[in-house]
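# Structural description and commentary
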Amino acid sequence: MSAEAVAAWNHYNEVLVQHLIQIGALTDRRWIEAFRATPRHIFVPCFIHDGVLLRAEDPTTHDEWLRQVYSDTSLVVQQAPAPGYHEDLPTSSSTMPSLMAHMLELLDLHDDHRVLEIGTATGYNAALLCHRLGDRNVTTIELHPDLAHSAREHLAATGRHPTVIVGDGAA
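On a predicted model such as this, the values are computed, not experimentally measured, just so you know.

With respect to burial, strand β6 (residues 138-142) is a largely interior element, four of its five residues being buried. Read from strand β5 (residues 115-118) through helix α6 (residues 124-133) to β6, the crossover connection turns out right-handed. Relative to strand β7 (residues 163-166), β6 runs parallel, the two sharing four bridges. What sits directly across from Thr139, in β7, is Thr163. What joins β6 to β7 is helix α7 (residues 145-157), and the crossover it makes is right-handed.

Here it is in structure tokens:
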């Protein structure tokens, strides 16, 4: 990755982190560090925004893709047909960062805790958990094999290797 690309994502990420601090979603320095250190763009190389598929590698939409990745919005990463509907409906997303930050802080985690996450999706939340607790203390389960596989790849790309299981978290 070029120095320019790293500077761009670092800038957008810092703007997001400052926003999360400003609205009170991030208060704990350990979570602030986790959000600063975890590149969300690795976890969402493509997503659907306003009915349009935005991809990292598309030069015509790259800037919009990066801006959306580091916005405080949920990003739809998977859609599927639903009975009775004439269009696909969202089935997986990368959750809104302020909601993720709020939920993570409410966990009141301590260094020796272990976490089971149900619904890996992109792997971004698992990466944040790994930053805070270490890879060996994070297990994440995803129902959709393709999502679990891509999450495992995204996590590895950021140096994270939690246990990723394909299965039904309800079971």
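Text resumes after the structure shown.
To continue, consider the sheet that holds β7. Read across the open sheet, the three strands follow the order β5-β6-β7; overall the sheet is parallel. The open sheet has two edge strands with one neighbour each: β5 and β7. Each strand axis lies, on average, 20° off the axis of its neighbour in the sheet, ignoring direction. As judged from the four bridges shared by β5 and β6, these two strands associate in the parallel manner. Bridged to Val115 within β6 is Val138. Sheet strands touched by α7: β6 and β7. Its angle to β7, the strand with the most contacts, is close to 170°.

Let us look at the pattern of salt bridges. Overall, the coordinates contain seven salt bridges when judged by the stated rule. The closest approach of N and O atoms between Arg36 and Glu14, which form a salt bridge, is 2.8 Å. Of this pair, Arg36 sits in helix α2 (residues 29-37) while Glu14 is found in helix α1 (residues 3-22), placing the two residues 22 residues apart along the sequence.

As a further point, take the side chain of Arg40. Turning to its location among the elements, Arg40 is positioned in helix α3 (residues 40-43). Of the side chains with opposite charge, Asp72 lies nearest to the buried Arg40, which makes no salt bridge, at 6.6 Å. At a separation of 3.3 Å, a polar atom in the side chain of Arg40 contacts the main-chain carbonyl oxygen of Ser71. Excluding its chain neighbours within four sequence positions, the residues that come into contact with Arg40 are Gln68, Val69, Tyr70, Ser71, Thr73, Ser74, Leu75, Ser94, Thr95, Pro97 and Tyr124.

Turning next to the packing of α2 against α6. At a minimum axis separation of 9 Å, α2 and α6 run at an interaxial angle of 130°. Here α2 lies oblique to α6, going by the angle between them. For the element pair α2 and α6, the recorded crossing hand is right-handed. Across the interface between the two elements, Arg30, Trp31, Glu33, Ala34, Phe35 and Ala37 from α2 touch Tyr124, Leu128, Leu129, His131 and Arg132 from α6. Looking at side-chain class alone, the contact of α2 with α6 contains seven nonpolar, one polar and three charged residues.

Bringing helix α5 (residues 97-106) into the picture now. Structurally, the α-helix is built with 3.6 residues per turn, so residues lying three or four positions apart point the same way. Of all the positions in α5, only Pro97, Ser98, Met100, Ala101 and Leu104 are classed as buried. Down the axis, α5 shows its buried residues gathered within 160° of arc, on one side only. Count one or two residues on from α5 and you reach Asp108, which has phi positive near 55°.

Rules used in this analysis
- Residues numbered from 1 in each chain as written.
- Predicted model: local features only at pLDDT ≥ 70, side-chain atom pairs only at ≥ 80, totals over all residues.
- Heavy atoms only, no water.
- Buried < 20%, exposed > 50% of the residue type's maximum accessible area, 1.4 Å probe, protein only.
- Helix = DSSP H or I, 4+ residues; strand = E, 2+ residues; numbered from the N terminus.
- Right-handed = clockwise from strand over helix to strand, strands pointing away.
- Pairing = 2+ DSSP bridges.
- Axes fitted to C-alpha atoms, helices over the stretch in contact; angles between N-to-C directions.
- Contact = heavy atoms within 4.5 Å.
- Salt bridge = Lys/Arg side-chain N within 4 Å of Asp/Glu carboxyl O.
- Lys, Arg positive; Asp, Glu negative; His and termini not counted.
- Polar contact = N/O pair within 3.5 Å; in protein donor to acceptor, adjacent residues only side chain to side chain.
- Parallel < 35°, antiparallel > 145°, perpendicular 65-115°, else oblique.
- Left-handed = near helix turned anticlockwise from the far one by under 90°.
- Nonpolar A, V, L, I, M, F, W, Y, C, P; charged D, E, K, R; others polar.
- Arc of directions from axis to C-beta.

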